[in-house]
Amino acid sequence: MSPKISPLAYVDPAAKIADDVEIAPFAYVEGDVEIGKGCVLKPYASVLDGTRMGERNVVHQHALVGVRSQSFRKQGAHPRLEIGNDNTIREYAVLVKSLSDDTATTIGDHNFFMSTSHVGHNTVIEDHVVVGINGVVSGRCRVDSHAVLSTSSILFQGVHAGAYTVVSGGARVRRDIPPFITTTANPTSFYSVNHPLLERHGFSEKDLRHIAHAYEIVYRTKMDLADYISRIEAEVPMDDYVRQILDFLRDTEARGGAII
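Residues numbered from 1 in each chain as written. Predicted model: local features only at pLDDT ≥ 70, side-chain atom pairs only at ≥ 80, totals over all residues. Heavy atoms only, no water.

Novice: Kindly report on the overall build of the protein chain, identifying the contributing residues and their values.
Specialist: What the protein chain contains, in helices and strands, is four helices and 28 strands. The C-alpha extent of the protein chain, read off along each of the three principal axes, is 65 × 40 × 30 Å. In the protein chain, which comprises 260 residues, the proportion classed as buried is 49%. Sequence-distant contacts in the protein chain: of pairs separated by 6 or more residues, those separated by 24 or more amount to 28%. With the model as given, the accessible surface of the protein chain reaches about 11900 Å², and the carbon-plus-sulfur share is 51%. Measuring between centres, the 26 positive side-chain charges of the protein chain sit 5 Å from its 32 negative side-chain charges. (Helix = DSSP H or I, 4+ residues; strand = E, 2+ residues; numbered from the N terminus. Buried < 20%, exposed > 50% of the residue type's maximum accessible area, 1.4 Å probe, protein only. Contact = heavy atoms within 4.5 Å. Areas by Shrake-Rupley, 256 points an atom, 1.4 Å probe, with all protein chains shown as cover. Lys, Arg positive; Asp, Glu negative; His and termini not counted. Charge placed at Lys NZ, Arg CZ, Asp CG, Glu CD.)

Novice: Outline helix α4 (residues 240-254), supporting the account with residue identities and numerical values.
Specialist: With 15 residues, α4 extends 21 Å between its outermost C-alpha atoms, agreeing within 8% with the 21 Å of an ideal straight helix rising 1.5 Å per residue. Within the span of α4, buried status applies to Val242, Ile245, Leu246, Phe248, Leu249 and Thr252. All buried residues of α4 lie within an arc of 155° about the axis, which places them on one face of the element. For α4, the exposed residues set more than 90 degrees away from the buried face come down to Asp240 and Ala254. Where the residues of α4 are buried, they touch β24 (160-161), α2 (205-219) and α3 (225-235). For α4, the N-terminal cap is aspartate 239; the gap from its side-chain oxygen to the backbone nitrogen of tyrosine 241 is 3.0 Å. Backbone geometry just after α4 places glycine 256 at a positive phi near 70°. (Expected span 1.5 Å × (residues − 1). Arc of directions from axis to C-beta. Polar contact = N/O pair within 3.5 Å; in protein donor to acceptor, adjacent residues only side chain to side chain.)

Novice: I'd like a rundown of α2, residues and numbers included.
Specialist: Over its 15 residues, α2 extends 21 Å from the first C-alpha to the last, a length consistent with the 21 Å expected when each residue adds 1.5 Å. Taken together, the buried positions of α2 are Asp207, Leu208, His210, Ile211, Ala214, Tyr215, Ile217 and Val218.

Novice: Break down the packing of aromatic side chains for me, citing the residues and quoting the values.
Specialist: Applying the stated criterion across every chain yields a total of 10 aromatic pairs. With a centroid separation of 5.7 Å and 65° between ring planes, the pair formed by phenylalanine 180 and phenylalanine 203 is classed as edge-to-face. Here the residue phenylalanine 180 occupies a position in the loop between β26 (172-173) and β27 (181-183), and phenylalanine 203 occupies one in the loop between α1 (195-200) and α2, the gap between them amounting to 23 residues. Classification of phenylalanine 203 as buried rests on a relative accessible area of 7%. The ring of phenylalanine 156 carries the charged tip of arginine 174 above its face, separated from the ring centre by 4.2 Å. (Phe/Tyr/Trp six-rings, centres within 6.5 Å; stacked < 30°, edge-to-face > 60°. Lys NZ or Arg CZ within 6 Å of the ring centre and 35° of its normal.)

Novice: Give a detailed account of the side chain of histidine 60, specifying residues and quantitative values.
Specialist: Locating histidine 60 in the fold gives a position in the loop between β10 (58-59) and β11 (64-67). Judged by its relative accessible area of 14%, histidine 60 falls in the buried class. Discounting chain neighbours no more than four positions away, the residues touching histidine 60 are Lys42, Ala45, Thr88, Ile89, Arg90 and Glu91.

Novice: So what's going on with the sheet that holds strand β23 (residues 154-155)? Which residues, and what values?
Specialist: What links the strands of a sheet is backbone hydrogen bonding, and the strands pair in either a parallel or an antiparallel sense. Pairing is parallel across the open sheet formed by nine strands, whose spatial order is β2-β5-β8-β11-β14-β17-β20-β23-β26. Looking at which strands have only one partner, the edges of the open sheet turn out to be β2 (10-11) and β26. For strand β14 (residues 94-96) and strand β17 (residues 118-119), the ladder comprises two bridges, and the chain directions are parallel. From the neighbouring strand, leucine 95 faces β17, where its bridge partner is valine 119. (Pairing = 2+ DSSP bridges.)

Novice: Could you give an account of the packing of α3 against α4, with specific residues and numbers?
Specialist: Contact geometry for α3 and α4: axes closest at 10 Å, N-to-C directions at 160°. Regarding the angle of α3 to α4, the classification is roughly antiparallel. Here the hand of the crossing between α3 and α4 comes out left-handed. Side by side, α3 and α4 meet where Leu225, Ala226, Tyr228, Ile229, Ile232 and Glu233 of the first sit next to Val242, Leu246, Leu249, Arg250, Thr252 and Glu253 of the second. Grouping the amino acids of the contact of α3 with α4 by side-chain chemistry returns eight nonpolar, one polar and three charged. (Axes fitted to C-alpha atoms, helices over the stretch in contact; angles between N-to-C directions. Parallel < 35°, antiparallel > 145°, perpendicular 65-115°, else oblique. Left-handed = near helix turned anticlockwise from the far one by under 90°. Nonpolar A, V, L, I, M, F, W, Y, C, P; charged D, E, K, R; others polar.)

Novice: Go over the environment of alanine 163, please, and point to the residues and values.
Specialist: On the secondary structure map, alanine 163 appears in the loop between β24 and β25 (166-167). A relative accessible area of 5% means that alanine 163 is categorised as buried. It is 4.6 Å that separates the C-alpha atoms of alanine 163 and aspartate 144, two residues lying 19 residues apart in sequence. Sequence-distant contacts of alanine 163, that is, excluding residues within four places in its chain, are made with Asp144, Ser145, Pro179, Phe180 and Gln244.

Shown next as structure tokens:
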């Protein structure tokens, strides 16, 4: 089965387009591009050099996939954007490729980038992430699976947002956000453990108790990260989710960062 490409679209002959891809009128595809099976490019969608796209992704009108960074730093000749499967990229969203040739901006599977959202260079987005309308993920950020970045929220450069986190609409985030929590807006801080989302994903009552116990230590005391880690290890029953919290805190500490 051949790709279904409108004669009104521009597709560089060097682009690698899989079978059954649909490319609508006025879409634009450059030459150093790979697009996997089942993908759909809507009218005026653009997929630019350096983009590697998996299967069943849908790129909506006027979205820009694989643009060069707006950084003033020197950029490589062949920076990259690697996209997994089953992602939705809505109208006017912008996904930026890496700064250098030996790195990539990386997007996993089943993510939803709402209209006018922006993902910066060298960022890693895992799986099942939602970036809300007008949401911004700046360069070199990391967003773990099942995180929700609400409308008009901003992650500033280098922020790590943990799994199953919900960032409130309009929040300006300059510090790492540990997993399993909901934030306030401005000033951005801990609001609560994200019980509704966790329950929908099958977390047990015991799981939620252990997570809440860990965050009582973190957010009801004034200590440094190393002390939080030691107290959680000593006082909270260990399970996979508590280990995930500890790993997150250790990573932030190792990078010299701070949490909200």
